[in-house]
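Structure at a glance
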Amino acid sequence: MDPSRAFVTNVKRLIVKVGTAVVTRGDGRLAVGRLGALCEQLKELNSQGYEIVLVTSGAVGLGLQRLRYRKLVNSSLADLQNAQFELDGKACAAVGQSSLMALYDTLFSQLDVTSSQYLVTDTEFRDTSFRKQLSETVKSLLSLKVIPIFNENDAVSTRRAPYEDSSGIFWDNDSLAGLLAMELKADLLVMLSDVEGLYSGPPSDPNSKLIHTYIKEKHQCEITFGDKSRLGRGGMTAKVNAAVCAAYAGIPSVITSGYATDNIIKVLQGKCVGTLFHRDAHLWTLVKELGVREMAVTARECSRRLQAMNSEGRRKILLDIADALEANESLIKIENEADVTAAQDDGYEKSLISRLSLKPGKISGLAKSIRVLADMEDPIGQVLKRTELADGLILEKTSSPLGVLLVVFESRPDALVQIASLAVKSGNGLLLKGGKEAKRSNAILHKVITSAIPENIGEKLIGLVASREDIPNLLKLDDVIDLVIPRGSNKLVTQIKNSTKIPVLGHADGICHVYVDKSAKVDMAKQIVRDAKIDYPAACNAMETLLLHKDLSSNGLLNELVSDLRHEGVTLYGGPRASSLLNIPETCSFHHEYSSMACTIEIVDDVQAAINHIHQHGSSHTDCIITENHEVAETFLHGVDSAAVFHNASTRFCDGARFGLGAEVGISTSRIHARGPVGVEGLLTTRWILRGSGQVVYGDKGVIYTHKDLPLQTPLYI
């Protein structure tokens, strides 16, 4: 649960306001699918014991559509040629209200929920006895699990326009919802709109950013509001005013999208969806947002100084980091052992503890890898392409750092060392958030590494994020963070992808396959399968599914492979064919990453069946074929759409260090930017440098373009 949404644990009574743009489609007709999803959410919450009051717009929009149709049917040809169709809004409300309520009644009846209707005007709320009677009736209905549905009675309202009469009690259904939240002593107000929440400007503007938590002192003067909704009387301005009033009266409010099918439920689960309004928001959000922003901005400033440093300077920083790690190995070991002991006491799985532990020789191995990385060619400022655009006008495409990276990783403290060294080599600023189980290990490694960064660059080049609570605020910083790299569970990666506008690079699962073809050599197959599974079962490149050609059951290789895995202590699960043939438990899912001494086995007809299985159940990470048939091998290598595809080699080779990258920041299964093990090159982008001698475009009249490719070693000025 997002800490800022912890208040939802005490919510019992909530007001849900649904806007016209949610209730109706663009053509004015009812959005039956969205209404159905809304009613299903309310049904589920009603059955869980929540007391729900619904405030709905849409009557005017629905009535407008129906009256336009009636006007069209009854018009003469002459009328149609001069059609104006100016319709009275109050008449529209009167016609649309009955249809709207009939639909709600039908939908709720299908879900075995009873609803009731209230049509109110602001004048009625001036009567104290009316307010008292209203509260008592609603309280009685809620005790019977009835959902009261409120709507402003536009058909008889004396109000001509929102905000026109400042002495009014409420102005539209948004302000009515806010008023009811206070009148009925609700615990939460949820306002459903046609956008994700409140943005800093019009949502269509790419520079606008979703505001996750509204802070009156910060945002009320910064936000540019767009037009009101296409049919309703309100708009985002009305929703914000209602939410602010309710929030400062002690009722938390959330504005979120009504287009999603489960946003109300997500809000009540404490998920960070939409925009939260809370009277204490200024106390616990602004400081955090400014703190992580300052960390990101400082990392960018340090990275620019690092980029300006010459190649030898960056090389020396890496060598100093390697020396510092070895010099502090005993201290690092003490902190890591404390993490491992705590994880064991807390009952963590063995696979996680294996990833957490810095085994003997690990620090020296990391230091060696950093020195190899330091001696590699400097990747920054490399000329990738040089072109003569015109005489004396030379264009260069050069390699350049991305800027600031945010890497969120779990369990493995050695990942911190690899990522930090790659950031230095590639000239990028870095923010790191490791798993809480490696808190002490990460802290000492970060301290040792940053102590080796010279003062003229700044140790804040690499920031260590202390709390998981900071992640949502970091994911908002798409203006100062350039790439997010999550390393961890499917849940972690998916959650981050769904929570940010920043590009995300990584992989959610490591469902790696080994397919043994009928022509495979027995000894080779046994050796590769054994290594792919047991060399490091917790690794993302370990084999999780073994696919076997159907003919292997007749030549004995299938039984030998199964026997070998069992002998090594591997727990076996089977697909439908394998479980029957081998008498092993059937797997609950082919798409499962064990990360332990277990794997799935299935029988397939041929190489094409293996490819199809991988595409259906794999994760596009690493897949391998074992075969002596060259044609079959090429079919597999070119047919499997994964980041890494091997022939007669263990999946465990999919690793940055083994690929000669020096280290890896992670393994990407994305199909853009970098794919597979991501080393220095995956942390670079390109930029263009143009050198001229006074040329101007002048409508392309004064330049004769040659567009001639030049050798990369051509002198800078010719």
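Anything mentioned here points back to the structure above.
Scope of this entry: the structure provided in the associated data block. (Residues numbered from 1 in each chain as written. Predicted model: local features only at pLDDT ≥ 70, side-chain atom pairs only at ≥ 80, totals over all residues. Heavy atoms only, no water.)

Details of the overall build of the protein chain
- Across its full length, the protein chain holds 26 helices and 24 strands.
- Within the protein chain, buried positions represent 52% of all 718 residues.
- Intrachain contacts of the protein chain at a sequence separation of at least 6 include 74% that bridge at least 24 residues.
- Accessible surface for the protein chain amounts to roughly 32700 Å². Of this, 50% is attributable to carbon and sulfur atoms. (Helix = DSSP H or I, 4+ residues; strand = E, 2+ residues; numbered from the N terminus. Buried < 20%, exposed > 50% of the residue type's maximum accessible area, 1.4 Å probe, protein only. Contact = heavy atoms within 4.5 Å. Areas by Shrake-Rupley, 256 points an atom, 1.4 Å probe, with all protein chains shown as cover.)

Looking at the environment of Glu602
- As for its placement among the helices and strands, Glu602 is situated in strand 18 (residues 598-604).
- Assessed through its relative accessible area of 6%, Glu602 is described here as buried.
- Excluding anything up to four places from it in sequence, Glu602 contacts Leu546, Leu547, Leu548, Gly575, Pro576, Arg577, Ala578 and Phe590.
- A polar contact is formed between the side chain of Glu602 and the backbone nitrogen of Arg577, at a distance of 3.4 Å. (Polar contact = N/O pair within 3.5 Å; in protein donor to acceptor, adjacent residues only side chain to side chain.)

Quick word on the pattern of salt bridges
- Here the structure, examined in full by the defined rule, presents 27 salt bridges.
- Notably, a salt bridge pairs Asp414 with Lys362, separated by 3.5 Å at the nearest N-O pair. Linking Asp414 in helix 17 (residues 413-426) with Lys362 in helix 16 (residues 362-374), this pair joins segments that are 52 residues apart in sequence.
- For Lys362, a relative accessible area of 32% puts it in the partly exposed group. (Salt bridge = Lys/Arg side-chain N within 4 Å of Asp/Glu carboxyl O.)

A word on empty space enclosed by the protein
- One pass over the full model with this rule turns up two cavities of 30 Å³ or more.
- The volume enclosed by the largest cavity comes to roughly 50 Å³.
- For the largest cavity, the full set of lining residues is Val18, Val22, Arg34, Ala37, Leu38, Gln41, Leu192, Gly258, Ala260 and Thr261.
- With four residues, helix 2 (residues 32-47) is the single largest residue contributor to the lining of the largest cavity.
- Here the lining of the largest cavity is composed, by residue class, of six nonpolar, three polar and one charged.
- The calculated volume of the second largest cavity comes to roughly 30 Å³.
- Around the second largest cavity sit Lys526, Val529, Arg530, Leu561, Asp564, Leu565 and Glu568, which together line it.
- Broken down by secondary-structure element, the contributors of at least two residues to the lining of the second largest cavity are helix 21 (522-534) and helix 23 (557-567).
- A breakdown of the residues in the lining of the second largest cavity according to their chemical character gives three nonpolar, no polar and four charged. (1 Å grid on protein atoms, 1.4 Å probe; cavity = no way out; pocket = protein on both sides within 12 Å on 5 of 7 lines; lining within 4 Å. Points joined across faces, edges and corners; volume = space filled by probe spheres on them. Nonpolar A, V, L, I, M, F, W, Y, C, P; charged D, E, K, R; others polar.)

Side note on the pairing of strand 4 (residues 147-152)
- Judged by how many residues are buried, strand 4 sits mostly within the fold: six of six residues are covered.
- On strand 4, burial covers both faces: Ile147, Ile149 and Asn151 on one face and Pro148, Phe150 and Glu152 on the other are all buried.
- Pairing analysis gives two bridges linking strand 2 (residues 51-56) to strand 4, with the strands arranged parallel. Of the residues in strand 4, the one forming a bridge with Val55 is Phe150.
- Between strand 3 (residues 115-120) and its parallel partner strand 4, the chain crosses via helix 6 (residues 128-143), and the hand of that crossover is right-handed. (Pairing = 2+ DSSP bridges. Right-handed = clockwise from strand over helix to strand, strands pointing away.)

Re the packing of helix 7 (residues 173-183) against helix 9 (residues 236-248)
- Between helix 7 and helix 9, the shortest axis-to-axis distance is 8 Å and the interhelical angle comes to 10°. The angle between helix 7 and helix 9 places the two elements in the roughly parallel class. Only Ala238, Lys239, Ala242 and Cys245 of helix 9 make contact with helix 7, whose side of the interface consists of Asp174, Ser175, Gly178 and Met182.
- Here the residues of the contact of helix 7 with helix 9 are counted per class, giving four nonpolar, two polar and two charged. (Axes fitted to C-alpha atoms, helices over the stretch in contact; angles between N-to-C directions. Parallel < 35°, antiparallel > 145°, perpendicular 65-115°, else oblique.)

Brief notes about the sheet that holds strand 18
- One open sheet holds the six strands; their spatial order is 17-18-16-15-19-20, and the pairing between them is parallel. The outermost strands of the open sheet, each flanked by one partner alone, are strand 17 (571-574) and strand 20 (644-647). Shown here is a sheet whose adjacent strand axes are inclined to one another by a mean of 20°, direction ignored.
- Pairing analysis gives four bridges linking strand 15 (residues 512-516) to strand 19 (residues 622-626), with the strands arranged parallel. By the bridge assignment for strand 19, His513 is matched with Asp623.

Let's talk about the packing of aromatic side chains
- Taken as a whole, this structure holds seven aromatic pairs when the rule is applied.
- Plain terms: the ring middles of Tyr104 and Phe108 are 6.3 Å apart, the flat faces sit at 20° to each other, and that makes the pair stacked. In this pair, Tyr104 and Phe108 both sit in helix 5 (residues 89-110), four residues apart, roughly one turn of the helix.
- Under the relative-accessibility criterion, Tyr104 is labelled buried at 0%.
- Measuring from centroid to centroid gives 4.4 Å for Tyr118 and Phe150, while their planes differ by 5°, and the two rings are stacked. In this pair, Tyr118 sits in strand 3 while Phe150 sits in strand 4, placing the two residues 32 residues apart along the sequence. Across the pair, exposure class does not vary: Tyr118 and Phe150 are buried alike.
- Lying across the ring of Tyr259, Arg34 places its NZ or CZ 4.0 Å from the centre.
- Of note, Lys701 hangs over the ring of Tyr698, and the distance from its end group to the ring centre comes to 5.7 Å. (Phe/Tyr/Trp six-rings, centres within 6.5 Å; stacked < 30°, edge-to-face > 60°. Lys NZ or Arg CZ within 6 Å of the ring centre and 35° of its normal.)

Some remarks on helix 25 (residues 607-617)
- Listing the buried residues of helix 25 in full gives Val607, Ala610, Ile611, His613, Ile614 and His617. Within helix 25, the buried residues cover an arc of 160° as seen down the axis, which keeps them to one side.
- For helix 25, the elements touching its buried residues are strand 15, strand 16 (543-549), strand 18, strand 19 and helix 26 (630-639). (Arc of directions from axis to C-beta.)

As for the sheet that holds strand 9 (residues 383-390)
- Within the open sheet, the four strands sit side by side as 23-10-9-24. Their pairing is antiparallel. Of all the strands in the sheet, just strand 23 (684-691) and strand 24 (705-710) have a single pairing partner and so form its edges. Here the average twist between neighbouring strands, direction ignored, is 25°.
- As paired strands, strand 9 and strand 24 are joined by four bridges and run antiparallel to one another. When the bridges of strand 24 are listed, Thr387 appears paired with Asp709.

Some thoughts on the pairing of strand 12 (residues 429-433)
- For strand 12, the buried fraction is high: five of the five residues fall into the buried class.
- Neither face of strand 12 is open: one carries Gly429, Leu431 and Lys433, the other Leu430 and Leu432, and all of them are buried.
- Alignment of strand 11 (residues 404-409) against strand 12, held across five bridges, turns out to be parallel. Pairing of Leu405 across the sheet is with Leu430, part of strand 12.
- Where the polypeptide runs from strand 11 across helix 17 and back to strand 12, its parallel neighbour, the crossover connection is right-handed.

So, the nonpolar core
- In terms of nonpolar packing, the biggest core is built from 49 residues, with Leu325, Val407, Leu430 and Ile462 touching the most fellow members.
- Among the elements of the structure, helix 12 (286-308), helix 13 (311-327), helix 16, strand 11, helix 17, strand 12, helix 18 (439-451) and strand 14 (483-487) are those that each provide at least two residues to this core.
- Looking at which element gives the most residues to this core, the answer is helix 17, with eight residues. (Core = buried A, V, L, I, M, F, W, Y, C linked by side-chain atoms within 4.5 Å.)

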